[in-house]
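So the chains spell out like this:
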Amino acid sequence: MATLAEFPAHCAELLSTLGPTRVKRMFGGYGFYVDEVFLALVIADRLYLKADAQTRPRFEAAGCEPFVYDGAGKQVTVSYWTVPEDTMESPALMLPWARLAMEAALRARNAKPVKKKATVKAIAKAKR
């Protein structure tokens, strides 16, 4: 069984104060879920946390940088930001930033429309 790379394992430990943390290979890096909420990425040995309009000013004020990638020949900026350097030292220092990421991730998830399941009556009506 393959073991998780050292840096992603360290990041998982830092985020684990929020709850059960699951790490999944994706995007050429790793994705992090806490309580099954997607809130962080590791790309090229840098940790990026989810941010939104409410939390982005905190990341900007701390000198953090957004995750930017080249998509179809142009720069694409997504809603994940690096963390202050000192937060990488301990779960206690990471906790306030991880909470911001969790809040942003929950807001994003709750903003998505809920898919309605087809009811038996609706299916029967459609068949008529």
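A short tour of the structure in this document, coming up. The residue count restarts for each chain, going from 1 along the sequence in the order it is written. The predicted nature of this model means local features are confined to residues of pLDDT at least 70 and side-chain atom pairs, given and counted, to a pLDDT of 80 or more, with totals for whole chains, interfaces and linings taken over all residues. Side-chain measures were taken over the full set of non-hydrogen atoms in the model, leaving aside hydrogen atoms and water.

### Some points on the overall build of the chain
- Helix and strand counts for the chain come out as four helices and six strands.
- A run of H or I in DSSP counts as a helix once it spans at least four residues, and a run of E counts as a strand once it spans at least two, with each numbered from the N terminus. Counting helices and strands in the order they occur from the N terminus, the chain gives α-β-β-β-β-α-β-β-α-α.
- When the 128 residues of the chain are sorted by exposure, 37% land in the buried category.
- Note on definitions: a residue-residue contact is assigned when non-hydrogen atoms from the two residues lie within 4.5 Å. For the chain, the proportion of contacts with a sequence separation of at least 24, taken over those separated by at least 6, is 48%.
- Values of accessible area rely on a 1.4 Å probe in the Shrake-Rupley scheme; residue burial ignores everything except the protein chains shown. In the structure as shown, the chain presents an accessible area of about 8500 Å², 56% of it carried by carbon and sulfur atoms. Relative accessibility decides the category of a residue: with a 1.4 Å probe and only protein chains considered, values under 20% of the type maximum give buried, values over 50% give exposed, and everything between is partly exposed.

### Describing the nonpolar core
- Working definition of a nonpolar core: buried Ala, Val, Leu, Ile, Met, Phe, Trp, Tyr and Cys residues. They are joined through side-chain atoms within 4.5 Å. In this structure, L15, F32, L39, L47, L49, F59 and M94 are the most contacted members of the largest nonpolar core, which totals 26 residues.
- Where this core is concerned, the elements lending two or more residues are α1 (6–15), β2 (29–34), β3 (37–43), β4 (46–50) and α3 (91–111).
- Counting residues per element, this core draws most heavily on α3, at seven residues.
- Dropping the residues within four chain positions of it, F59 is found in contact with L49, K50, A51, C64, W81, T82, W97 and L100.
- Listed in part, the five residues of the second largest apolar core include L41, I43, Y48 and Y80.

### Topic: the sheet that holds strand β6 (residues 74–82)
- Whether two strands pair depends on DSSP finding at least two bridges between them. Taking strand neighbours across the sheet as the criterion, the six strands line up as β1-β2-β3-β4-β6-β5 in an open arrangement whose pairing is antiparallel. Looking at the sheet topology across the chains shown, the edges are occupied by β1 (21–26) and β5 (66–71). Neighbouring strand axes in the sheet, compared pairwise and without regard to direction, differ in orientation by 35 degrees on average.
- Taken strand by strand, α1 contacts β1, β2, β3 and β4, and its axis lies near 20 degrees from that of β2. Only the stretch in contact is used when a helix axis is fitted, and all axes are lines through C-alpha atoms; the angle between N-to-C directions ranges over 0 to 180 degrees.

### A short note on α3
- Compared with an ideal rise of 1.5 Å per residue, which puts 21 residues at 30 Å, α3 spans 29 Å between its outermost C-alpha atoms and is within 8% of the ideal.
- The axis of α3 is deflected most strongly, by about 30 degrees, at W97.
- By the burial criterion, the buried members of α3 are M94, L95, W97, A98, L100, A101, M102, A104 and A105. A helix is expected to span 1.5 Å multiplied by its residue count minus one. Across the chain, bend at a residue is computed as the angle between axes fitted to the seven residues ending at that point and the seven starting from it.

### Points about unusual backbone geometry
- Located in the positive-phi region is A44, a residue other than glycine, with phi close to 50 degrees.
- In this structure, A44 sits in the loop between β3 and β4.
- The phi torsion at A72 lies on the positive side, around 55 degrees, for a residue other than glycine.
- Mapped onto the secondary structure, A72 falls in the loop between β5 and β6.

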